[in-house]
Amino acid sequence: MDSIYWPTFFFYLFSGLACAFAVAVLLSSNIVRMAFYLVLSLGATAGLMFLAGAEFVGAMQLLIYVGGTLVLLIFGVMLTSQERFVVMKTWAGDWVKAFLAGGALLFILAYAAFSIPEWRGIERTEADAIVAQPTVTPIAMGLLGARTDDPSRAGYLLPFEIVSVHLLVVLIGAAYLARAKRSRSSIEKI
Amino acid sequence: MQPVTLQNVVDSLVDNTLDMSLPFFRPELALCATIVILLFVRIFKGGEYIPSFFIAILGSITALILAFPAEGFESWATMPRQELFTGMLVYDTLTAFIRIFLLSFVVLFIILSRLTGIADAKDGQDYYALVLGATLGMCIMSSANHMMMLFMGVEMASVPSYVLAGIVKGRQRSSEAALKYVIYGAGTAGVMLYGISLLTGVLGSAHLPTMAASLADLDIPNLLTTAEGRLTVMVLVLGGLMLGVGLAFKLSAVPFHFWCPDVFEGASAEVDAFLSVASKAAALVLLLRVGAGLGLTTAELPVADSADPPRVIAVAANETTAPTQNAVLVKQVADSQDATHVGGGPLSPVRRFFVILVSLIAIVSCTFGNLAAYGQTNIKRMLAYSTIAHAGFMMMAVAAAIALAGRDVVDARTAVSALLLYITLYLFMNLSAFAIVAFLRNEMHSEDIADYAGLIRTSPLTAVMMTAVLVSLIGLPPLAGFWPKLRVLQALYMAGGPLMTFVLVAAALNTAIALVYYLRVAKTMCIDPEPDTRGAVSLGFLPAAFVFVVSVPVLIFGILPGPLANWTDLAVSQLFS
Amino acid sequence: MFNFPLANLLSEPVGVAHYVTVGAILFICGALCMATKRNALGVLMGIELVLNGANLNFVAFGSQYLRNDGHSLGLDGQLMALFVIVLAAAEAAVALAIALNFYNNHDSIDVDRADQLRG
């Protein structure tokens with residue numbers, strides 16, 4: 001038997017963590033624990049992204065997703081969770097149906113993925129020969145509209161610029177809803 | 001990786017972005033600028049005295065003016081298809097048309113919001129920023145040429161709409177509508193994104209034409225002969241279905257319609273008009289883009305038959321566009337071996353899948369919407385089911401267009417022209433219906449159909465206009481709603497084949513089903529006795545004028561559909577080429 | 001040589017298929033979360049899992065370490081994953097604001113209590 005290929009070892013470690021905590025999110029009936037498991041699952045996903053050579057996306061996953069979005073969600077949990085809402089029960093029949101449907105879908109996707117030869121992975125010799133290339137510069141160039149990795153592909157200047165308008169609109173909307181309410185006679189009466 | 005100098009980047013920015021793309025993007029830029037001005041005008045001294053309505057209406061009118069072609073609509077006849085921003089968006093006559101449509105709607109909508117008082121002085125800037133932001137998203141959605149822009153457009157159109165559904169903060173029903181909308185909307189968007197990840201992963205690109213090219217390279221009929229190939233196709237089908245989940249949600253098509261009645265009942269009537277007209281129109285064009293983007297490559301488009309003289313397909317008032325029946329018969333004989341009649345080429349399986357899926361969902365949505373609308377007591381809920389039914393009817397035109405696109409480009413354009421005519425007239429019908437509901441709510445504080453009893457005695461103009469709009473929604477001549485339905489049926493007839501014939505029959509039957517519940521509202525308003533408890537109901541001058549202006553086209557285009565039909569024909573004249 | 005399938009489990013690099021399987025597990029857990037949870041925030045967490053399953057797919061399909069055929073998604077995968085992270089943050093902010101608004105009006109974020117709109 002060959003020596004251990006460490007990226008593979010870490011893949012199984014991180015994927016085991018990501019999947020286990022994702023299942024824990026699903027099975028947990030306590031909203032606070034769910035939020036905690038979700039943080040761990042998404043953190044492990046960031047590890048998987050590092051292993052796939054997407055270090056910038058992995059870092060952003062940790063910074064924005066785990067550090068920003070999930071903290072926001074946990075903030076929401078803290079603001080709304082009172083004793084009687086924390087525990088959520090799901091009926092046994094629902095679980096059986098859910099697991100049957102989910103299991104079937106998982107089987108189909110995994111079976112199909114492993115049956116495509118190009119997707120089963122490359123040889124170890126090939127993997128050792130790959131020269132790691134930094135991805136941050138091409139990503140930044142792609143965001144400016146110039147694809148240095150493959151000029152035939154589309155540059156991402158438009159989404160990069162337009163998403164800022166989107167974020168502005170979304171913040172206006174969220175701030176509007178979060179402000180104290182005023183009564184508005186005719187429309188609220190119905 | 002070739003070396004990149006700063007010069008290269010600057011050159012590409014100037015060449016592609018500044019010179020080529022941005023001139024076509026001016027209406028969207030005007031929307032962006034209006035949103036920013038709405039927000040920042042209050043920073044400056046005296047800025048709070050400028051009503052946000054004026055900024056919003058000025059900005060949207062500017063955007064609308066910029067959206068009109070500088071050389072007149074005639075230039076559409078020769079306008080080539082162009083890819084903007086290195087392939088992110090596509091600019092063709094369809095983009096130009098739908099942008100004018102969306103921006104005209106938003107101008108009318110902003111006036112309506114001002115008249116009904118939903119956007120008052122304090123919250124106006126937030127409300128208008130959300131409306132314009134969602135409109136920007138819809139413009140992007142309907143010109144998407146790349147999976148990134150598809151998803152981003154859907155998100156940009158949806159997320160502000162979630163807030164708009166809950167814009168009346170203190171009302172329980174309103175916040176419930178917003179919560180249901182955001183939960184279902186975000187869930188289906190997530191499923192759609194997963195489907196996109198599968199599709200782009202198998203096809204190795206997110207650019208729609210490149211994806212179509214690699215779909216053609218896959219050679220699906222050949223793939224289906226091996227076990228591995230079948231699994232690859234299954235992943236593609238799964239991805240396509242998941243993408244369809246997101247689109248079906250935006251279209252409120254069965255089985256992803258459940259949010260629609262609840263959200264429409266809980267949100268205010270003005271927002272319902274926005275969701276039912278603008279959002280649906282953008283989603284339909286996006287559905288067409290996905291179908292044509294993945295189901296057609298430029299290589300397999302049939303060459304327009306030069307022996308066949310270009311058929312002029314304008315609808316005149318007294319001439320109901322009889323299709324050249326011989327040509328249809330010849331075509332039917334030619335490909336009678338194929339049940340769905342989608343033409344040949346390596347992508348014909350993709351088109352067949354798309355056509356079967358869309359037409360089945362369309363039939364079910366149309367029938368379900370019409371049947372469920374029967375028992376409704378709330379007018380907004382009834383109109384929500386009516387929206388589901390109309391979305392189903394319009395999806396039939398999309399299915400017919402994609403089925404025809406592989407065989408005869410001219411016929412396919414006719415189908416798209418029918419769709420555009422439908423959404424244009426639907427704007428007038430639904431906007432005036434919801435405007436009347438909103439104005440009556442301000443007067444009567446009720447949205448129950450029963451409370452509209454005898455309205456014709458106290459407010460004759462409103463009742464007559466509402467009746468006209470409802471009859472037009474059924475699709476009865478001589479009102480405008482008749483023409484698009486006729487043209488959709490005509491496109492389905494041209495598409496031929498057992499499936500399309502079935503759709504044709506279902507569509508015709510549905511028009512008959514719809515008759516009853518629309519007329520029930522009309523009967524309540526015009527025949528039923530007036531309740532004693534109700535005081536005088538009278539709209540002010542401006543609301544009445546608005547309703548009049550918006551619903552008069554329903555009458556005019558019912559008698560003279562020619563100009564509008566010519567315009568939609570012009571808007572499709574370069575499509576699929 | 002004795003060819004037990006798990007024998008070289010740790011000695012060979014993994015491929016896209018492994019990532020797709022992990023992504024599918026995240027997606028399915030998220031989808032089931034959306035279907036079974038009664039709490040609006042629980043549903044939102046399910047949506048975050050679904051988006052992460054998709055993001056993992058995007059990254060895997062574009063990675064040069066996982067596949068070497070001509071159909072790689074290339075850097076498009078990472079760029080799209082980045083935008084998804086940003087869009088998810090925006091969506092979560094609005095969803096949270098709406099959930100808090102609902103909570104203020106109803107003293108609950110139980111989606112089963114959202115039952116005034118029926119018919």
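Residues numbered from 1 in each chain as written. Chains lettered and ligands numbered in written order. Predicted model: local features only at pLDDT ≥ 70, side-chain atom pairs only at ≥ 80, totals over all residues.

A. Geometry of the overall build of chain A. When you go through chain A residue by residue, the secondary structure sums to 9 helices and 0 strands. Evaluated residue by residue, chain A yields a buried proportion of 38% over its 190 residues. (Helix = DSSP H or I, 4+ residues; strand = E, 2+ residues; numbered from the N terminus. Buried ≥ 20, exposed ≤ 12 C-beta atoms within 10 Å, placed from the backbone.)

B. Representation of the overall build of chain B. The helix and strand inventory of chain B stands at 22 helices and 2 strands. Taking 2.2 N^0.38 as the reference for a compact globule, 577 residues should give roughly 25 Å; the C-alpha atoms of chain B span a radius of gyration of 24 Å, in line with that estimate. Taken along its principal axes, the extent of the C-alpha atoms in chain B is 75 × 60 × 45 Å. Long-range contacts, defined here as pairs at least 24 residues apart, represent 81% of the contacts in chain B between residues at least 6 apart. (Rg over C-alpha atoms; globule rule 2.2 N^0.38 Å. Contact = placed C-beta atoms within 7 Å.)

C. Structural context of the interface of chain B and chain A. Residue-level contacts link 51 residues of chain B with 36 residues of chain A. Here the side of chain B that touches chain A gets 7 residues from one element, more than from any other, and that element is helix α6 (residues 147-165) of chain B. Of the residues belonging to the side of chain B that touches chain A, the class tally is 26 nonpolar, 17 polar and 8 charged. (Nonpolar A, V, L, I, M, F, W, Y, C, P; charged D, E, K, R; others polar.)

D. Expanded view of the environment of C:Met80. All names here are of chain C. With respect to the helices and strands, the residue Met-80 is situated in helix α3 (residues 75-106). Overall, the presence of 31 C-beta atoms within 10 Å leaves Met-80 in the buried class. In this structure, the C-alpha to C-alpha distance between Met-80 and Val-59, residues 21 residues apart in sequence, is 8.7 Å.

E. Structural context of the UniProt feature "transmembrane region" (unreviewed entry) in chain A. Following the UniProt record, one finds the feature "transmembrane region" (unreviewed entry) at residues 6-27, 34-53, 59-79, 91-114 and 156-178 of chain A. In residues 34-53 of chain A, helix accounts for 90% and strand for 0%; the two terminal C-alpha atoms are 29 Å from one another. (UniProt positions renumbered as here; feature names shortened; annotations may be inferred.)

F. Quick peek at helix α5 (residues 124-142) of chain B. Between its first and last C-alpha atoms α5(B) spans 27 Å; for 19 residues at 1.5 Å apiece the expected length is 27 Å, and the two agree. Within α5(B), 19 of the 19 residues are buried, which leaves it mostly tucked inside the rest of the structure. (Expected span 1.5 Å × (residues − 1).)

G. Quick peek at the nonpolar core. By size, the foremost hydrophobic cluster in this structure holds 329 residues, and its most contacted members are B:Met395, B:Ala397, B:Ala400, B:Ala401, B:Leu419 and C:Val94. With 24 residues, the top contributor of residues to this core is helix α16 (residues 409-444) of chain B. (Core = buried A, V, L, I, M, F, W, Y, C linked by C-beta atoms within 7 Å.)

H. Structural detail: the environment of B:Ala372. All names here are of chain B. With respect to the helices and strands, the residue Ala-372 is situated in helix α14 (residues 348-372). For Ala-372, a count of 21 C-beta atoms within 10 Å translates into the label buried. C-alpha of Ala-372 to C-alpha of His-207: the two residues are 165 residues apart in sequence and 39 Å apart in space.

I. Main features of the interface of chain A and chain C. Chain A puts 79 residues into the contact, and the matching count from chain C is 71 residues. Within the residue set of the side of chain A that touches chain C, elements represented by two or more residues are α1 (6-27), α2 (31-51), α3 (55-80), α5 (92-115), α6 (124-129), α7 (136-143) and α8 (157-178) of chain A. Sort the elements by how many residues they give to the side of chain A that touches chain C and α3(A) lands first, with 14 residues. Of the residues belonging to the side of chain A that touches chain C, the class tally is 53 nonpolar, 17 polar and 9 charged.

J. Quick peek at the confidence of the model for chain B. Residue and element names in this part refer to chain B. For chain B, per-residue confidence averages 87 on the pLDDT scale, and 92% of positions sit at 70 or higher. Looking across chain B, the model is least confident in helix α13 (residues 325-334), with a mean pLDDT of 42, and most confident in α6, with 96. Across the predicted assembly, pTM comes out at 0.92 and ipTM at 0.93. (pLDDT = per-residue confidence, 0-100.)

K. Seen up close, the packing of helix α19 (residues 482-495) of chain B against helix α20 (residues 497-526) of chain B. Residues and elements named next belong to chain B. Across the interface, α19 lies against α20 with an axial gap of 8 Å and an inter-helix angle of 160°. Here α19 lies roughly antiparallel to α20, going by the angle between them. When the axes of α19 and α20 are compared, the crossing they make is left-handed. Two secondary-structure elements touch here, α19 through Lys-485, Val-488, Leu-489, Leu-492, Tyr-493 and Ala-495 and α20 through Gly-497, Met-500, Val-503, Leu-504, Ala-507, Ala-508 and Thr-511. Class assignment for the residues of the contact of α19 with α20 results in 10 nonpolar, 2 polar and 1 charged. (Axes fitted to C-alpha atoms, helices over the stretch in contact; angles between N-to-C directions. Parallel < 35°, antiparallel > 145°, perpendicular 65-115°, else oblique. Left-handed = near helix turned anticlockwise from the far one by under 90°.)

L. Expanded view of unusual backbone geometry. All names here are of chain B. Between Val-254 and the following residue, Pro-255, the backbone shows a cis peptide bond with an omega angle of 5°. Mapping Pro-255 onto the fold places it in the loop between α10 (227-251) and α11 (259-266). Cis geometry marks the peptide bond from Pro-477 to Pro-478; its omega dihedral reads 10°. By the secondary structure assignment, Pro-478 is in the loop between α18 (460-474) and α19.

M. Quick peek at the environment of B:Leu539. All names here are of chain B. By secondary structure assignment, the location of Leu-539 is in the loop between α20 and α21 (541-559). In sequence terms Leu-539 and Thr-462 are 77 residues apart; their C-alpha atoms lie 8.2 Å from each other. Residue contacts for Leu-539: discarding those within four places in its chain leaves Phe-439, Glu-443, Ser-459, Thr-462 and Ala-544.

N. Structural detail: helix α1 (residues 6-21) of chain B. In the structure, α1(B) departs most strongly from a straight axis at B:Val14, where the bend amounts to approximately 25°. B:Ser12, B:Asn16, B:Thr17 and B:Ser21 are the residues of α1(B) that are buried. Packing partners of the buried residues in α1(B) comprise α8 of chain A together with β1 (82-84) of chain B. (Bend = angle between axes of the 7 residues up to and from the residue.)

O. Layout of the packing of α16(B) against α19(B). Residues and elements named next belong to chain B. Where α16 meets α19, the closest approach of the two axes is 9 Å, and the angle between their N-to-C directions is 160°. Of the possible angle classes, the one that applies to α16 and α19 is roughly antiparallel. For the pair α16 and α19, the sense of crossing is left-handed. Where α16 approaches α19, its residues Asp-411, Thr-414, Ala-415, Ala-418, Leu-421, Tyr-422 and Leu-425 are matched on the opposing element by Trp-483, Pro-484, Arg-487, Val-488, Ala-491 and Met-494. When grouped by side-chain class, the residues that make up the contact of α16 with α19 number 10 nonpolar, 1 polar and 2 charged.

P. Expanded view of the UniProt feature "domain: NADH:quinone oxidoreductase/Mrp antiporter transmembrane" (unreviewed entry) in chain B. Residue and element names in this part refer to chain B. As annotated by UniProt and renumbered to match this structure, "domain: NADH:quinone oxidoreductase/Mrp antiporter transmembrane" (unreviewed entry) occupies residues 144-289 and 353-507. In residues 144-289, the share of helix is 82% and the share of strand is 0%. The end C-alpha atoms are 8 Å apart. Counting secondary structure, residues 353-507 comes out at 82% helix and 0% strand; the distance between its end C-alpha atoms is 20 Å.

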